[in-house]
Amino acid sequence: MELLFDSLFNGVAIGSVLLVAALGLAIVFGLMGVINLAHGELMMLGAYTTYVTQLIFKLPILKPFYNSYIIVSIFLAFIVSGVVGILLEKTIIRKLYGSPLETLLATWGVSLILQQFVRSVPLAYGTGLVISLIIGLFLPTTFPQKIKESINFKYFKFSSWIFAALSGVLTGGLISSTVSKLSRASARNVDVTAPSWMRGQVEILGTAFPKTRLMIIIITLISVIAITLFLNQSAWGMRIRAVTQNRQMSDCLGISTEKVDIITFGIGSGLAGVAGVAVSLLGSVGPNVGGNYIVGCFMVVVLGGVGNLLGTVFASFGIGIMTDLIGAGRLLSIWPDMPLPLSNTINFFATTSMARVMIFALIVIFLQFKPTGLFPQKGRMVEN
Amino acid sequence: MSLSKIKFDKKIVLSFWIILIALIIAAPTLLPVFRLNLLGRYLSLSIVALGVDLIWGYTGLLSLGQGIFFALGGYCAAMYLQITSSSEFPNNIPEFFALYGVEKLPFFWEPFRSPIFTFFAIWIIPALVAGLIGFLVFRNRIKGVYFSILTQASLLVFFNFFNGQQKLINGTNGLKTDVTQLFGQMVGSASMQRIFFWITAILVITAWFFAKWVVKGRFGNILIGIRDDEPRVRFTGYNPVIFKTIIFSIAGGLAGISGALYTVQSGIVSPQFMTVPFSIEMVIWVAVGGRGTLLGAILGAVFINYAKSLVSEALPASWMFIQGGLFILVVTALPEGVLGWVQGDGPRNLLQRFGLKRKIETYPSLEVNNKEENNE
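Residues numbered from 1 in each chain as written. Chains lettered and ligands numbered in written order. Predicted model: local features only at pLDDT ≥ 70, side-chain atom pairs only at ≥ 80, totals over all residues.

Bringing the overall build of chain A into the picture now. Secondary structure summary: chain A contains 16 helices and 2 strands in total. Here chain A has a C-alpha radius of gyration of 22 Å; the compact-globule value for 384 residues is 21 Å, and the two agree. In chain A, which comprises 384 residues, the share counted as buried stands at 44%. In chain A, the proportion of contacts linking residues at least 24 apart, taken out of those at least 6 apart, comes to 78%. (Helix = DSSP H or I, 4+ residues; strand = E, 2+ residues; numbered from the N terminus. Rg over C-alpha atoms; globule rule 2.2 N^0.38 Å. Buried ≥ 20, exposed ≤ 12 C-beta atoms within 10 Å, placed from the backbone. Contact = placed C-beta atoms within 7 Å.)

See below:
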């Protein structure tokens, strides 16, 4: 019994990382039919945000609050990845609407650029750039209505971008002069250390669980609940659901699909950032950190189907539990005296990489029976 | 006047081919050994690009997993070379097996003792694997982005499998072919490499003609029909599954040949051939060259790889930026690719923009055709 409980917990832990990472991907895919290959790199940005936040909280002024840096970094990571995502949508993805394969390639290009960016630009100036992006994108929206409607609004916009650029350079310079670790570019992996209250283990029902894993499960839980509430209770959530179901009809009924696209993409990317925080707690952070998770996320989206968060939840926990069951060869310890050929097969697949092979085979078999995933969208149309 | 409409004189075509063949024959004397080797490798990559063009440019299936078939072809060739030159090693099996305590050749490598079997295996095995994967996916009408993601996932699965199996295929170290022997000659030697270069050049041209033959006629029309409107093709009474499976396995076979040629010229095959970035790169060669134009795929593969090696030699860090930029640029600004742009209305539009060419007020193709007829 204890063994089963242990296995279940491990599976849920693996699944919750997958879930928080795939959540954003699934929402965007459901709405726009676009798979964002740069999703993993948005996760990486979130992970690096955690690292930068941690170092900044080590400064003497913020030292007393050091223990809470992880909470702050969740919000910061959401904002950073979200803003980069919004920029991506505004500049590239919008132009490619209706051609998902081209979007796939363009976002791959973005992911290459982002990877090389964190390798060759010092993190301090990267932070500065992100800050100027945030100011430049959001300052114009805070202007009073009178200015927004005037013909000279573009000059206001322009000057706010100049202001944004200046403040970005200033913060970049400030950070690089105070935190020496951030002032030089490096391709090496960095480590995020959990604050003291998150180290160690907790005992529940006689089994010890690492606290970081529990923290990730809590982060995932909060994200899922928040997104569900947002989609089901708020006005914009309703608009998003409407556009997901029928874009043309929603457009006709006066919903600004453009705004819906931006908001959805921003939230989806922001969730990738939150996933990045979770990932940074599990291992070291490097330019390639997103790539390790991204294919798992795709599998979740394919298995879960689109347009229904429940599918994403079931798919990620399913994949997580199966990964643990197969990868750790747990069936063998649950049923020790099984026949030899069976146990040999199980041992053959009992590594992380071979578990992936097995899971993929299972998913392909599953798709033979339910090609549109666990919870397909209902409707009658020629799918095209 | 667009390029595709020009009818070349037979003499011009003939002299073009003579010059091309002369260049291929003379290349080993014109180029230093290192550059010749690079050119040979890039030419072999253009064969896999042809396959990508067939499935993506003509049929609209964006596969991000061509690396599987590429590597399979490479492994077949490398294993044959390793086995034939293993007579000095204990148990008459390749050296690396001894490291893992394997004493007998794994059963599925047994047939690779025969050169004839290997010759066929290099392209038939990848084609069969591609056909199987394709059939399982297409049967369920999985397409578009889903298809791309599934191919990428299967790529990763193959990568994991090949990476982890030391006892069967030397795992992450891969199989070296440099010091193996073929017909009594060392594969890595300069004379052998020269022969491989010629073989590659001949096969590229053969593959080009083969691909041209495939997309010609009714079969090619159905492929284009599937790309542009698959439900309509289905409603007309064709079964798209069969056509998609066939073209996908043709592309797989081409990838296998390409992988084998690339392996013998680069001296090693390893699971690195199955990494995700490499397979997506194949798509960008075709995209830049011009999808739906077979020549574009060949030129794109050769030129982009050449540019890659030149840029990486000069400024190692900047290639990723350039490549990323290429991906974005080619889909937003140049969706037809360079060759497609030249063959289409690109040059005319550019000239019009600078006021060098009179604007056409009516339906463009009509106007052009009339003029041509008048000139004649």
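Time to look at the overall build of chain B. A count of helices and strands for chain B gives 17 helices and 4 strands. For 376 residues, the compact-globule estimate of 2.2 N^0.38 gives 21 Å, and chain B sits close to it at 23 Å. For chain B, the spread of C-alpha atoms along the principal axes amounts to about 80 × 55 × 40 Å. Evaluated residue by residue, chain B yields a buried proportion of 44% over its 376 residues. Pairs at least 24 apart in sequence give 79% of the contacts found in chain B among residues at least 6 apart.

Here we take up the interface of chain B and chain A. With 36 residues of chain B in contact, the opposing surface of chain A contributes 35 residues. Of all elements in the fold, only α6 (144–164), α12 (276–289) and α14 (318–332) of chain B reach the threshold of two or more residues within the side of chain B that touches chain A. In terms of residues, the side of chain B that touches chain A owes the most to one element, α6 of chain B, which gives 15 residues. Partitioned by chemical class, the residues of the side of chain B that touches chain A number 23 nonpolar, 12 polar and 1 charged. (Nonpolar A, V, L, I, M, F, W, Y, C, P; charged D, E, K, R; others polar.)

Let us now look at the environment of T49 of chain A. The topology assignment puts T49 of chain A in helix α2 (residues 39–56). If we skip the residues at most four places from it in the chain, T49 of chain A touches S73, L76, A77, V80, G273 and G276 of chain A.

With that settled, consider helix α3 (residues 66–84) of chain B. The end-to-end C-alpha distance of α3 of chain B is 28 Å, a good match for the 27 Å that 19 residues give at a rise of 1.5 Å each. With 18 of its 19 residues buried, α3 of chain B lies for the most part within the structure. (Expected span 1.5 Å × (residues − 1).)

To continue, consider the confidence of the model for chain B. All names here are of chain B. When pLDDT is averaged along chain B, the result is 83; 92% of the residues meet or exceed 70. Between the elements of chain B, mean pLDDT differs from a low of 48, seen in helix α17 (residues 364–375), to a high of 92, seen in helix α11 (residues 240–266). When the criterion is pLDDT under 50, residues 1–5 qualifies, and its contacts beyond four places in sequence or with other chains add up to 9 contacts. Residue range residues 370–376 is modelled with pLDDT below 50. Its contacts to residues more than four positions away, or to other chains, number 0 contacts. (pLDDT = per-residue confidence, 0-100.)

Let's shift gears to helix α16 (residues 352–369) of chain A. With 18 residues, α16 of chain A should cover 26 Å at 1.5 Å per step; its first-to-last C-alpha distance of 26 Å lies within 8% of that length. Those residues of α16 of chain A lying buried are A355, R356, V357, M358, I359, F360, I363 and L367 of chain A. On the buried face of α16 of chain A, the contacting elements are α12 (291–304) and α13 (309–327) of chain A together with α6 of chain B.

Attention now goes to the environment of L55 of chain A. Residue and element names in this part refer to chain A. Mapped onto the elements, L55 comes out in helix α2. Note: C-alpha distance between L55 and Y69 (14 residues apart in sequence) is 9.4 Å. Those residues in contact with L55 that lie beyond four places of it in its chain are V179, K181 and L182.

Our focus in this paragraph is the confidence of the model for chain A. Taken as a whole, chain A shows an average pLDDT of 82; of its residues, 93% reach a score of 70 or greater. Confidence, read as mean pLDDT per element, is least for helix α14 (residues 330–334) of chain A in chain A (68) and greatest for helix α3 (residues 69–91) of chain A (91).

The next thing to look at is the packing of α12 of chain A against α13 of chain A. All names here are of chain A. In contact at an axis separation of 8 Å, α12 and α13 are set at 125° when each is read in the N-to-C sense. Our classification of the angle between α12 and α13 gives oblique. In the crossing of α12 with α13, the sense of the turn from one axis to the other is right-handed. Side by side, α12 and α13 meet where G296, M299, V300, L303 and G304 of the first sit next to G311, T312, F314, A315, S316 and I319 of the second. In terms of residue class, the contact of α12 with α13 is built from 6 nonpolar, 5 polar and no charged. (Axes fitted to C-alpha atoms, helices over the stretch in contact; angles between N-to-C directions. Parallel < 35°, antiparallel > 145°, perpendicular 65-115°, else oblique. Left-handed = near helix turned anticlockwise from the far one by under 90°.)

With that out of the way, let us pick up the environment of I216 of chain A. Residue and element names in this part refer to chain A. Summarising the element assignment, I216 is placed in helix α8 (residues 211–233). Look at I216 and you get buried, because 24 C-beta atoms sit within 10 Å. Not counting the four nearest positions on each side in its chain, I216 is found in contact with A13, S16, V17, A278 and L281.

Let us now look at the packing of helix α5 (residues 123–138) of chain A against helix α7 (residues 153–178) of chain A. When two helices pack together, their arrangement is given by the angle between the helix axes and by the axis-to-axis distance. Residue and element names in this part refer to chain A. It is at 7 Å that the axes of α5 and α7 come closest, and there the two elements cross at 155°. Accordingly, the angle class assigned to the pair α5 and α7 is roughly antiparallel. Crossing of α5 over α7 shows right-handed handedness. On the side of α5, the interface is formed by A124, Y125, T127, G128, L129, I131, S132, I135 and G136, while α7 contributes S160, W161, F163, A164, A165, S167, G168, V169, T171, G172, I175 and S176. Here the residues of the contact of α5 with α7 are counted per class, giving 11 nonpolar, 10 polar and no charged.

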